[in-house]
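Descriptive analysis of the structure
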Number of protein chains: 2
Amino acid sequence: MSPIRRLTDAQPTLATVAERAGVSRQTVSNALNNPELLREDTLARVQEVIAELGYTPNRAARQLRTRSSHMIGLRFEPAPEGTSNALMDRFVHTLVEATAKTGHHIVLFSGDPDDPLDGYDELLRATAVDAFVITDTYAGTPQADLLHGVGAPFVTFGRPWEDPSARHPWVDVDGARGGELATEHLIEVGHTRVAWLGWERESRIGEDRRTGWRRALDAAGLDATGLGVRTTDNVDAARMAAHELLEDGRTTGFACVSDTIALGVLHALAERGLRPGADIGVVGFDDSLGAQVTWPGLTSVRQPLEQVAIEIVDLVNTVLSLKAVANPARMLEPTLVVRRSTLRDG
Amino acid sequence: MSPIRRLTDAQPTLATVAERAGVSRQTVSNALNNPELLREDTLARVQEVIAELGYTPNRAARQLRTRSSHMIGLRFEPAPEGTSNALMDRFVHTLVEATAKTGHHIVLFSGDPDDPLDGYDELLRATAVDAFVITDTYAGTPQADLLHGVGAPFVTFGRPWEDPSARHPWVDVDGARGGELATEHLIEVGHTRVAWLGWERESRIGEDRRTGWRRALDAAGLDATGLGVRTTDNVDAARMAAHELLEDGRTTGFACVSDTIALGVLHALAERGLRPGADIGVVGFDDSLGAQVTWPGLTSVRQPLEQVAIEIVDLVNTVLSLKAVANPARMLEPTLVVRRSTLRDG
DNA sequence: ATGAAAGCGCTAACAG
DNA sequence: CTGTTAGCGCTTTCAT
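Report on the accompanying structure. In this text, all values refer to a predicted model and were calculated from it rather than measured experimentally.

All names here are of chain A. Burial of the side chains of strand β4 (residues 154-157) extends over both faces: Phe154 and Thr156 are buried on one face and Val155 and Phe157 on the other. Bridging between strand β3 (residues 131-134) and β4 involves three bridges; their strand directions are parallel. The residue of β4 that forms the bridge with Val133 is Val155. Here β4 pairs with strand β5 (residues 170-173) via two bridges, running parallel. Within β5, the residue paired with Phe157 across the bridge is Val171.

Right under this line is the structure:
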């Protein structure tokens, strides 16, 4: 353990350590950054003094000299109220852990919600961060253009929908595969009329997921006519849409673009006295808390957010090391978490 | 707008601005930090050049000189899977926004989950942060002791349960009042046997909330015998506990220490064919996403997390300014969000 | 009201 | 392998 020292006490510096160890400051610096340059006994002596004094290099000084802050910026948006988005929690935590391994930290900043570019520039010019992780790419990636324009390193969670030719590194989850997984599962447990409850057509992510639904139906030779419905991402809108689809008494499977919408379907079932699982199969998307705790449990597509974070950090590190990025576009596969909303003998 | 400049281009410094404006570096520094010292025309000229060049002070240099990073550390723990804790999302976002107003940023760091002290020391010694916000105080506040010991500024979200005499600044929400609100509401809508489903006795927060339940029953002259139950914070455990209480057919109100537990009660009702609201009243705690989207909507106690964040930042700023803190302990009131799980004519 | 000098703690570049 | 020198960009102190 390091000795206890009040902040008001003088912090030990390189010079303190150097003097105490009887070497020059540069040698201490090397002991820290290029230990292989030192003779073994010198290294040992220096390290001993470092431990003894509880010395930690001053970040500001190092940052000023090396022009690298070891900070990574993340613009932090709040999850819109009523939306299943505790996702960020899993993602951000892994991000923090993964960056810590290389001595980096995550700096949160905010920005005008109406201006996706707000905040980036300032941190950059202040040389406060080395790179950015960008998560809100659903509305295009003007941030990417900005950062690319000034030559700042960044990685996005989300592919560049608007510009597939964009060459920046990104990590994303295959939403189409998710929709397909959901639909295949519903077909497998015996549903033949499987509806899709999606977001508005403007949502690239929503349309992507929907293509997976369509692909699965086609592969199984099932009819999709009249079964693809678009609605807004809230429980009530989804509830109404579900009621309409349930009118004919023939639609028994619901693949949904989000857990919120799937929960709306469950509400509709409750109102009609239909049993989730036994009568009607429902699958959500995101494996949010709601899916886990709702009654009777909602089958849902789960994104590998931890893996996304790890891949992103890997890409950030590669970019920062100025190495060419071998594989700058990484698509990860979602999985299906089965719960009772699709169990027929529930 | 600032001019576009690639990172590889030389960033303008104080010297650049000074030369261009025909003043000394010191004058530019004053224009930034003590504008009232400059003559009006000088100030205007300097500001013009700053805007023209898109100059932003280098944080590292400033930090090295002033020994203040304008960074605030927050140890970021993941919400345990299956727990209603998207709370942090609301809290952290407001924290980020509020700190931004004074030019501060939030730095996330992680630590060994088994060591509540891990991570603090290092950031401190590296002079990477000016202060900490501590959120995980439910298991006592060893961090507070550590930071107090080294004289580092910090504010906790959560009162010092273990040591009420502790003098550090904190903000907390009155959990007892929350339990009381929940219980009063259930009594108001006509329930006379109101059970409490709480956490294990070891949880200070849980016991605090419970006292509010007891207070409300006593005030209404209702019997609490056999109605106070403790269980673990998961849906299934709560479901079982609810079944037991429902056996006698007399218990009709459930005040719960968390939304997770309240959702367990809703499961039990579903399994018994009882209607939430009409037959049995259920109130949760935290107004989590689950409470909002579950069917038929869960009445829940809501913590004013945004206000907590704002108060915390206010305290951090006060502490950092070295002013005496007038009111270092701030208790905020929760509110009740009524949904259909307590509406009798639902 | 403005300027000159010094130095925060570190590492890059070079010399030995 | 180790030491010396210089300077990153800023603010503090003191002089004008």
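Time to look at the pattern of salt bridges. Residue and element names in this part refer to chain A. Throughout the structure, instances matching the rule amount to 46 salt bridges over all chains. Put simply, Glu162 and Arg204 hold a salt bridge, and the shortest N to O gap is 3.3 Å. Pair noted here: Glu162 is in the loop between β4 and β5 and Arg204 is in helix α9 (residues 204-220), with a separation of 42 residues, a long-range link. Here Glu247 and Arg272 are joined by a salt bridge, their closest N and O atoms 2.7 Å apart. Residue Glu247 is found in the loop between α10 (235-246) and β8 (253-256), and its partner Arg272 is found in helix α11 (residues 259-272); the two are separated by 25 residues along the sequence. A relative accessible area of 57% places Glu247 in the exposed class. Of the residues examined, Arg272 reaches a relative accessible area of 32% and is grouped as partly exposed. Several salt bridges converge on common partners, so that one network encompasses Arg177, Glu180, Glu184, Arg215 and Glu333.

Calculation rules
- The numbering scheme is per chain: residues are counted from 1 as the chain's sequence reads.
- Whichever chain is written first becomes A and whichever ligand is written first becomes 1, with later ones labelled in order.
- Two thresholds apply to this predicted model, a pLDDT of at least 70 for residue-level local features and 80 or more for giving and counting side-chain atom pairs, whereas whole-chain, interface and lining totals are computed over all residues.
- Water and hydrogen atoms were dropped before computing side-chain values, which therefore reflect all heavy atoms in the structure.
- The buried label applies to any residue whose accessible area, calculated with a 1.4 Å probe on protein chains only, is under 20% of its type's maximum; exposed applies above 50%, and partly exposed to all values in between.
- In this description a helix means any DSSP run of H or I spanning at least four residues, a strand means any run of E spanning at least two, and both kinds are numbered starting from the N terminus.
- Paired strands are those between which DSSP finds at least two bridges.
- Salt bridge, as used here: a side-chain nitrogen of Lys or Arg that lies within 4 Å of a carboxyl oxygen of Asp or Glu.

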